[in-house]
2 protein chains.
Amino acid sequence: MRATGGNGNALPAYRRIQATIRKKIEDGRLKPGDAVDSERELAKIHSVSLMTARHALAELQREGLVERRRGSGTFVAPPKLEFNKLMSFTEQMSSRSMPAHSRVLYSTIIRGEHDIAARLALPAASRLFMIERMREAGDEPFALETCYLSADLYAGIAKAQLERGSLFSILEHDYRIVLAYADEDVDATTADPKAAELLGVSRGAPLLRIRQTIFSTDGKAVLYVLGLYRSDRHVLHIRRFR
Amino acid sequence: MRATGGNGNALPAYRRIQATIRKKIEDGRLKPGDAVDSERELAKIHSVSLMTARHALAELQREGLVERRRGSGTFVAPPKLEFNKLMSFTEQMSSRSMPAHSRVLYSTIIRGEHDIAARLALPAASRLFMIERMREAGDEPFALETCYLSADLYAGIAKAQLERGSLFSILEHDYRIVLAYADEDVDATTADPKAAELLGVSRGAPLLRIRQTIFSTDGKAVLYVLGLYRSDRHVLHIRRFR
DNA sequence: AAGTGGTCTAGACCACGGC
DNA sequence: CCGTGGTCTAGACCACTTC
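The following paragraphs examine the structure supplied in this document. (Residues numbered from 1 in each chain as written. Chains lettered and ligands numbered in written order. Predicted model: local features only at pLDDT ≥ 70, side-chain atom pairs only at ≥ 80, totals over all residues. Heavy atoms only, no water.)

**Focus on the sheet that holds strand E10 (residues 236-241) of chain B**
Point 1. One open sheet accounts for seven strands, arranged E4(A)-E5(A)-E6(A)-E9(A)-E8(A)-E7(A)-E10(B); its pairing is antiparallel. Two strands bound the open sheet, and with one partner strand each, they are strand E4 (100-111) of chain A together with E10 of chain B. Here the average twist between neighbouring strands, direction ignored, is 20°.
Point 2. Relative to strand E5 (residues 127-137) of chain A, E4 of chain A runs antiparallel, the two sharing eleven bridges. Among the inter-strand pairings, Ile109 of chain A is bridged to a residue of E5 of chain A, identified as Phe129 of chain A.
Point 3. Lying over the sheet, helix H7 (residues 167-174) of chain A contacts E5, strand E6 (140-150), strand E7 (179-190), strand E8 (206-216) and strand E9 (221-230) of chain A, oriented at roughly 165° with respect to E9 of chain A. (Pairing = 2+ DSSP bridges. Helix = DSSP H or I, 4+ residues; strand = E, 2+ residues; numbered from the N terminus. Axes fitted to C-alpha atoms, helices over the stretch in contact; angles between N-to-C directions. Contact = heavy atoms within 4.5 Å.)

**Re the relation of the copies chain B and chain A**
Point 1. Between chain B and chain A, which share one sequence, the superposing operator has a rotation angle of 179° and an axial displacement of 0.2 Å; the RMSD is 0.5 Å. Interpreted geometrically, this transformation is the action of a two-fold axis. If distances are taken from each C-alpha of chain B to the rotation axis, the shortest is found for Ala188 of chain B, at 2.5 Å.
Point 2. Comparing contact sets, 100% of the residues at the interface of chain B also lie at the interface in chain A, consistent with an isologous, same-surface contact. (Least-squares fit on C-alpha atoms with pLDDT ≥ 70 in both.)

**Re the packing of aromatic side chains**
Point 1. A complete count under the given rule lists twelve aromatic pairs over all chains for this structure.
Point 2. With 6.1 Å between their ring centres and 35° between their planes, Tyr148 of chain B and Tyr224 of chain B make a pair best called tilted. Here the residue Tyr148 of chain B occupies a position in strand E6 (residues 140-150), and Tyr224 of chain B occupies one in strand E9 (residues 221-230), the gap between them amounting to 76 residues.
Point 3. Since its relative accessible area comes to 5%, Tyr224 of chain B is described here as buried.
Point 4. Ring centres of Tyr154 of chain B and Tyr175 of chain B lie 5.5 Å apart, and the angle between their planes is 80°; this geometry places the pair in the edge-to-face category. Of this pair, Tyr154 of chain B sits in the loop between E6 and helix H6 (159-164) while Tyr175 of chain B sits in the loop between helix H7 (167-174) and strand E7 (179-190); the two residues are 21 residues apart in sequence, bridging distant segments of the chain.
Point 5. Between the NZ or CZ atom of Arg239 of chain A and the centre of the ring of Phe83 of chain A, over which it lies, the distance is 3.6 Å. (Phe/Tyr/Trp six-rings, centres within 6.5 Å; stacked < 30°, edge-to-face > 60°. Buried < 20%, exposed > 50% of the residue type's maximum accessible area, 1.4 Å probe, protein only. Lys NZ or Arg CZ within 6 Å of the ring centre and 35° of its normal.)

**Section: the interface of chain B and chain A**
Point 1. With 37 residues of chain B at the contact, the number on the chain A side is 37 residues.
Point 2. Together chain B and chain A conceal approximately 3400 Å² of surface at their shared face, both sides included; 48% is due to carbon and sulfur atoms.
Point 3. A per-residue breakdown of the area chain B buries against chain A is headed by Ile238, Arg240 and Arg242 of chain B, which together make up 26% of the total.
Point 4. The tally of links from chain B across to chain A stands at eight salt bridges.
Point 5. Here Glu172 of chain B makes a salt bridge to Arg242 of chain A, at a shortest N to O gap of 3.2 Å.
Point 6. Taken together, the connections running from chain B to chain A amount to 28 residue pairs in polar contact (both at pLDDT 80 or more).
Point 7. Looking at the side of chain B that touches chain A, the elements with two or more residues in it are helix H3 (50-63), H7, E7, strand E8 (206-216) and E10 of chain B.
Point 8. Among the elements that make up the side of chain B that touches chain A, the one with the highest residue count is E7 of chain B (twelve residues).
Point 9. When its residues are assigned to classes, the side of chain B that touches chain A shows 18 nonpolar, eight polar and eleven charged. (Buried area = accessible area lost by both parts, 1.4 Å probe. Salt bridge = Lys/Arg side-chain N within 4 Å of Asp/Glu carboxyl O. Polar contact = N/O pair within 3.5 Å; in protein donor to acceptor, adjacent residues only side chain to side chain. Nonpolar A, V, L, I, M, F, W, Y, C, P; charged D, E, K, R; others polar.)

In structure tokens, the structure reads:
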């Protein structure tokens, strides 16, 4: 007998099964706690062997979308909160439904910034875009972010664009860059006169400093961002696992 | 033919296969980049079907221990760095091979600390251990940590004990608590006179403040820790994923 | 007892990689 | 070409939960 459906279409059967379940959950036809079709039911419905149905469910379980209980069944998992998630300023604010603004203070091309070029794995003398932005939440200054990226690889990133959408979305849509993760160094510092004035705090006020290098899925450093956050308006939440 | 070895022993075949591979890697008989036995080889060696051998390798891949390349084979993955890992001070220091000390400054039982009791999901009037510790790395003061835990649930945690081992190991060994994760709030503050003196910095020096609630595997809050870190001696590294 | 997930068999065909 | 991993079959027995 034929083993796999040499079905010609690219999508494996277990993926199709997962898709139907995912869709039911997204549609709301299945809510957290509801029972998903059992392995045997899925096998019959999709004319597939038990192992294949099982494969589909096991992978959904690993993704955290469903929970499986032996002797009992497979159930839609409660919505999982995502921790330590890399989000753009825009995304962060909208996820908390806070009105947010971003203003480009300064934007130029620099050259010869060795440390920053090194963090982006570029030649020391590379031309770099430097963009200084003020982040505001509800008319209150909130953070000062300076970001750097290769001026050669991402030529044409205009100030006008940045006022409109997030840098993340520009990179993802216009440059087909898929961002994957960021390594961040977090420490504390105090406001120097310039930062104090821009952020509207007194000199010497504590600021949270976050230096992040953001990598794309192919492992290349795309962006280096230095952020100074008003400590009275911002707390960084992280979850660590043992 | 018999399907599964109703072998009576508790360990599934795929676990045994994984164990042999893990051991080879730990022993150094397999180094990163080396080829692991293929599915077919493992099936023969362990007298097991292809699917079972496959299951073993697939799970090792998901753990990040091996990489699988179609048409090529299965290879030992380069050692993976662990990010955002919850570690005790002792573990953190030894993982960087830094000589570290910890000194208990103060230890008492308090009562009526509503906010802290609330964070530990205890009644507002609960009795709490409060332990204030100085962390030192190479004779330099480094951090000030105040930790709180239920004095009723963890009676008998003595100062003497704390001088010796880490609180983590006491909880894990003496109280059979398995710690799972911590939620942390990070911000910046400046040194007040007391903190300044203890940490050996000037008043107003920037400090990284980390407030963590540590949970056990059963989802209960076990520990609340307020840490003040000298920003000139400490950077927090985190990785975020998209 | 009936149903569920967990493990397992003894094969099969496919797509891909390296020689 | 041959070996590799990726997908799949049509069953099986076991341990467990629910009724």
